[in-house]
Amino acid sequence: MTGRGRGSDRGEGAIVGVSERSLFATPPAIPLPSPLVAAPATQPLQAGLPAPTPSPAARRIVRARRQIGRISLLRLRHGLAKAAELELDRGIAFLLVPVCLAVGAIGYFSLATEPDFAKPVAVMVLAATCAFVSRSWPKTHLCFMAVLLCALGLLAAKVETWRAGTRMLGSEISTQLTGRVVSLEEMESGRIRLTMDVISTARPKLRYAPERVRLSARKIPPEMTAGSLITGYAKLLPPTGPVRPDSYDFSFDSYFAGIGGSGFFLGNPTVVATDDGEMSLPARLFSSIENAREAIADHIRGSIGGAEGEIAAALIVGVRAGIPDEINEAMRRTGIYHIISISGLHMALVAGTIMGLLRGAFALFPDFSARRPVKKYAAAAALFSIAAYLVISGVVVAAERSFIMLAVMLIAVLFDRAALTMRNLAISAIAVILVSPHEVVGPSFQMSFAATAALVGAYAGWADHRAGKTRPPSPKRSLPGFLTRKFLLATGGLAMTSIIAGSATALFAIWHFQRVSPLSLFANLAVMPIVSVVVMPFAVLSSLAMPFGADGPFLYVMGKGLTAMIAVSSWISERSPIDGVGLISQQSVLLVAVALVIATMATTWLRLAALPFALAGLLTVSDIRTPDVLISEDARLVALPIGNGELAVNRERPNEFAADNWKRALVSETIVKPEMFDKADGQFDIAAPTDLPQGSPFYCREGLCLARHPSGAIVAYVEDRKNTWKACAFADLIVVNDATAYDACHNPLVVVVTKRQLARKGSAAVFFDPQSATTPAVIEFAVDGPYRPWHEQRKFSREARGLPPYKKPDKSDGKPAQ
């Protein structure tokens, strides 16, 4: 709050800011003892004479020095206790509630084995009992409360896992599928992606069919909509695991999204019925919303057209599957892809636009505005608008989290409380963690709350800095000077926002995506004014005018703004250096997260405790060993860096997603494809593989591919187990793309990785010892150890059971299928 200053040194128009934190007085410092007068020097000792007894003045000096040391230690302890007490008075205990809940959730998902309900419940009951008994000892009580909250977070994660209980497909299979369409999206390639609830399967009938699958189709009937009952012959694939150890786990995401499998229709699906009479009321309501979203998206695409229409549809209704890949990549490289994902930025702009329009409308009626709380009316309307925006955008996780955060702030306005505070952010985090604990380990949750906490903390620190300072009234300026000042303030604020949010989320982005946008600051400075002033406000206006058919002009202006945004992002992307930065250590991310918590939540000098954590996090960023070889979980793709920014692969057409991820992880710029030789070509002789120079790419001949790592280790890849023996004499690593294979070398120095191992344990990273040729390679699997619920399906595939691929029976010879 602000008020007019008083006193002879303050003018009539001077303004003094008062911080909310200043209501809690900082305890006065303990004065230091009086300085001591140095004692006169003593005479030097003479040989053979006993040491003289210290004079009383010397004894006083010794005692004084000891007392000063004790006083310094006591003063530090006293200051620490007072600062901690002041932090507790200011409510830091409540701010740490979501932190403890998140620690418990992360601890659950980091466990090697799945715990039963008894263990977390027992820990929670024990911690609650100890916290109740220790109420008379505040420090002990706080410790037990922290343990109780961590146990609650762990239990919430366990309950969510049990509640999800998704049926996951164990092996790929083709079957006649009948189900009801939940949603459908048109992708950039022209195919249609359908999410459908499975009703029945046939030819063959699956004994453990997933309840919901996601399939793509080349073409669909025009009458197909959400809620339609369809059928078709489809190939179903089980959810895939991480493309490399410690990377994003797609089966984890599928489990909590309720998706038990994916695949594609082998033909075009047909509509069985469009009658929704058998659907439940929630299902009919959801289908109606999905059909409305698709209708609005089609209308937007038809009005704007091109890539701008696809982005506009993504911003308004959350349908973004049709955005061209080159535009997605350009926005990722420039660090502005957050504009596409509906999140806090979009929710805030929608709420701000609605509030601004209503406040401006109320200003036209000054008598009414003077008598009524028009700010609360506008906040209530903004709350309703973002709730409608959440529903029409598909209730995606990022939008849901942002809605909770913004709803808490708008409700705070309704009750005359401060809107943007760390307490409101903590309430939002608590709600998200208790409802969806698995989001804590995802990049969206971590980056969103890290950026918001950093911005709120920086704003509070700036408010504390300005609190209590006398500010003279602003001098009268001309219109050009006024506009220039406002422009500079807006630009500076936008730059600081980008710097603070980018710094808070940088390590999280590198950990999850192995990329950072070097020119994100300039891209955000150039693009965000377009988005904030043109794109999103006109998106809101077009949405309000769409029911009346008057949205054309607004969509036209929005499309022009998107054209400018695409042009700017493409121009900056072409000049942006490579954004792949490689792997970083996990402990560095944890240390920086601790530093971020301390720096944003502490309000006293205790925030300085964040510095050693931040410094330790930055110093341990590179404390990780880069894999020498990466192997996909289907044993089809093997890659190794060969120097000069090149990544050698064993296939002419490698999986694009896996290759791109590996390039960023291994800091490589180009893919080197294998050289293929036939039997008649004598240029490559596998009889002398040791002649391959170090850093050689893959050379393939007669079912065997060989490459040599810069360390000198030889990597072999074979398609058939019968060819394994050919590489036993010289290879350090042999990858066998055969589920029936075994270790045919029987040599402890030769590491043999089979398709069955990879099917059961996931993708692998291999590390060679460059110092010793007699040390075998070390291999690390992505899913090594007992299976958690989202990995249980791995043991049911044919490859995991050591069986060859399924072959249809040949009707000509009458032999059964293998």
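Below, the structure is looked at part by part.

With that settled, the discussion passes to helix α9 (residues 325-333). A turn of α-helix holds 3.6 residues, and therefore any two residues three or four places apart point the same way. Residues of α9 that are buried include every one of Ile327, Asn328, Ala330, Met331 and Arg333, and no others. Where α9 is buried, its residues meet α8 (306-317) and α18 (552-574). Phi turns positive, to about 75 degrees, at Gly335, one or two residues after α9.

Core analysis: the largest hydrophobic core is formed by 84 residues, its most contacted members being Ile311, Ile339, Ile386 and Met558. Setting aside anything within four residues of it in sequence, one finds Met558 in contact with Ala312, Leu315, Ile316, Val535, Phe538 and Ala539. Val715, Leu733, Leu758 and Val766 belong to the second-largest nonpolar core, a separate cluster that totals 25 residues.

Read across the sheet, 6 strands follow the order β13-β12-β11-β10-β20-β21 without closing on themselves; strand pairing throughout is mixed. Edge strands, defined here as strands with exactly one partner in the open sheet, are β13 (670-672) and β21 (778-781). The sheet shows a mean angle of 25 degrees between the axes of neighbouring strands, taken without regard to direction. As judged from the 2 bridges shared by strand β10 (residues 629-631) and strand β11 (residues 638-643), these two strands associate in the antiparallel manner. Paired with Leu630 across the two strands is Ala639, which belongs to β11.

A few words on the pairing of β11. With 5 of 6 residues buried, β11 is to be regarded as a mostly interior element. A loop of 6 residues connects β10 with β11, the two strands running antiparallel in sequence, and Ala635 in this loop sits at a positive phi of about 65 degrees. If you look at the hairpin formed by β11 and strand β12 (residues 646-649), you'll find 2 residues sitting between the two strands, and Asn644 has a positive phi there, around 60 degrees.

A few words now on the state of the cysteines. For the coordinates displayed, the defined rule picks out 2 disulfides. At a sulfur-sulfur separation of 2.0 Å, the disulfide partner of Cys700 is Cys705. Between Cys700 and Cys705 the sulfur-sulfur dihedral comes to about 115 degrees; the bridge is accordingly right-handed. The class for Cys700 is buried, based on a relative accessible area of 3%. A relative accessible area of 8% places Cys705 in the buried class. Covalently, Cys728 is tied to Cys745 through a disulfide, its sulfur atoms 2.0 Å apart. Its S-S torsion of approximately -80 degrees makes the covalent link between Cys728 and Cys745 left-handed. Of this pair, Cys728 sits in the loop between β17 (714-718) and β18 (733-736) while Cys745 sits in the loop between β18 and β19 (751-754), and the two are 17 residues apart along the sequence.

Here we take up the packing of helix α15 (residues 443-466) against helix α16 (residues 479-513). As a packed pair, α15 and α16 sit with axes 8 Å apart at the nearest point and diverge in direction by 155 degrees. Relative to α16, the element α15 is oriented roughly antiparallel. Taken as a pair, α15 and α16 cross one another with a handedness that is right-handed. Residues Pro443, Gln446, Met447, Ala450, Ala451, Ala454, Leu455 and Ala458 of α15 form the contact with α16, whose own contacting residues are Thr497, Ile500, Ala501, Ala504, Thr505, Phe508, Ala509, His512 and Phe513. Here the contact of α15 with α16 is composed, by residue class, of 13 nonpolar, 4 polar and no charged.

What follows concerns the pairing of strand β5 (residues 212-217). Here strand β4 (residues 192-202) runs beside β5; their pairing, made up of 6 bridges, is antiparallel. Along β5, the bridge assignment pairs Arg193 with Ser216. Relative to strand β7 (residues 261-265), β5 runs parallel, the two sharing 4 bridges. Of the residues in β7, the one forming a bridge with Leu215 is Gly263.

A cluster of nonpolar side chains, namely Leu73, Leu76, Leu80, Trp605, Leu608 and Leu611, defines an oily patch on the protein surface of about 640 Å² accessible area. Within the secondary structure, Trp605 is located in the loop between α19 (586-601) and α20 (610-619). With a relative accessible area of 44%, Trp605 lands in the partly exposed category.

So, about the sheet that holds β18. The mixed open sheet is built from 6 strands, whose spatial order is β14-β15-β16-β17-β18-β19. Unpaired on one side and paired on the other, β14 (675-677) and β19 mark the two borders of the sheet. Direction aside, the axes of adjacent strands within the sheet are offset by 20 degrees on average.

Further remarks concern a negative patch on the surface. A grouping of Glu188, Asp325, Glu326 and Glu656 is seen on the molecular surface, where their side chains present a negatively charged patch. Judged by its relative accessible area of 54%, Glu326 falls in the exposed class.

The next point concerns the packing of helix α12 (residues 374-392) against helix α13 (residues 397-414). α13 packs onto α12 with a crossing angle of 165 degrees between their chain directions and a minimal axis gap of 9 Å. Taken together, the axis directions place α12 and α13 in an arrangement best described as roughly antiparallel. Here α12 runs over α13; the crossing is left-handed. Touching Lys375, Lys376, Ala379, Ala380, Ala382, Leu383, Ile386, Ala387 and Leu390 of α12 are Ala399, Glu400, Phe403, Leu406, Ala407, Leu410, Ile411, Val413 and Leu414, all from α13. Broken down by class, the residue content of the contact of α12 with α13 amounts to 15 nonpolar, no polar and 3 charged.

It is worth spelling out helix α10 (residues 344-363) at this point. Here α10 is 20 residues long and its end C-alpha atoms lie 28 Å apart, about the 28 Å a rise of 1.5 Å per residue gives. His346, Met347, Leu349, Val350, Ala351, Thr353, Ile354, Met355 and Phe362 are the residues of α10 that are buried. Buried positions along α10 lie against α8, α11 (366-371), α12, α13 and α17 (520-545).

Structurally, the position occupied by Gln793 is in the segment after β21. Among the polar contacts listed, one links the side chain of Gln793 to the backbone oxygen of Trp790, at a separation of 3.3 Å. With near-sequence residues (within four places) excluded, Gln793 lies in contact with Met168, Leu169, Gly170, Pro239 and Ser251.

Going through the model one piece at a time under the given rule, you end up with 18 salt bridges. Arg301 is paired through a salt bridge with Glu310; the nearest N and O atoms lie 3.2 Å apart. Salt bridges sharing common partners tie together Glu114, Lys158 and Arg788.

Time to look at the environment of Val123. In this structure, Val123 sits in helix α4 (residues 118-133). A C-alpha to C-alpha distance of 9.1 Å links Val123 and Leu152, two positions 29 residues apart in sequence.

Time to look at the environment of Pro204. Along the chain, the position of Pro204 falls in the loop between β4 and β5. In this structure the C-alpha to C-alpha distance between Pro204 and Thr175, which are 29 residues apart in sequence, comes to 5.7 Å. When residues no more than four places from it in sequence are discounted, the contact partners of Pro204 are Ile173, Ser174 and Thr175.

Next up on the list: the side chain of His512. Tracing the chain through its elements places His512 in helix α16. There is a polar contact of 2.8 Å between the side chain of His512 and the side chain of Gln446. When neighbours within four sequence positions are excluded, His512 is seen to be in contact with Val441, Gly442, Pro443 and Gln446.

Thresholds applied
Residues numbered from 1 in each chain as written. Predicted model: local features only at pLDDT ≥ 70, side-chain atom pairs only at ≥ 80, totals over all residues. Heavy atoms only, no water. Buried < 20%, exposed > 50% of the residue type's maximum accessible area, 1.4 Å probe, protein only. Helix = DSSP H or I, 4+ residues; strand = E, 2+ residues; numbered from the N terminus. Contact = heavy atoms within 4.5 Å. Core = buried A, V, L, I, M, F, W, Y, C linked by side-chain atoms within 4.5 Å. Pairing = 2+ DSSP bridges. Axes fitted to C-alpha atoms, helices over the stretch in contact; angles between N-to-C directions. Disulfide = S-S within 2.5 Å. Parallel < 35°, antiparallel > 145°, perpendicular 65-115°, else oblique. Left-handed = near helix turned anticlockwise from the far one by under 90°. Nonpolar A, V, L, I, M, F, W, Y, C, P; charged D, E, K, R; others polar. Patch = residues over 30% accessible without salt bridge, like charges linked within 9 Å, V, L, I, M, F, W, Y side chains within 5 Å. Areas by Shrake-Rupley, 256 points an atom, 1.4 Å probe, with all protein chains shown as cover. Salt bridge = Lys/Arg side-chain N within 4 Å of Asp/Glu carboxyl O. Lys, Arg positive; Asp, Glu negative; His and termini not counted. Charge placed at Lys NZ, Arg CZ, Asp CG, Glu CD. Expected span 1.5 Å × (residues − 1). Polar contact = N/O pair within 3.5 Å; in protein donor to acceptor, adjacent residues only side chain to side chain.

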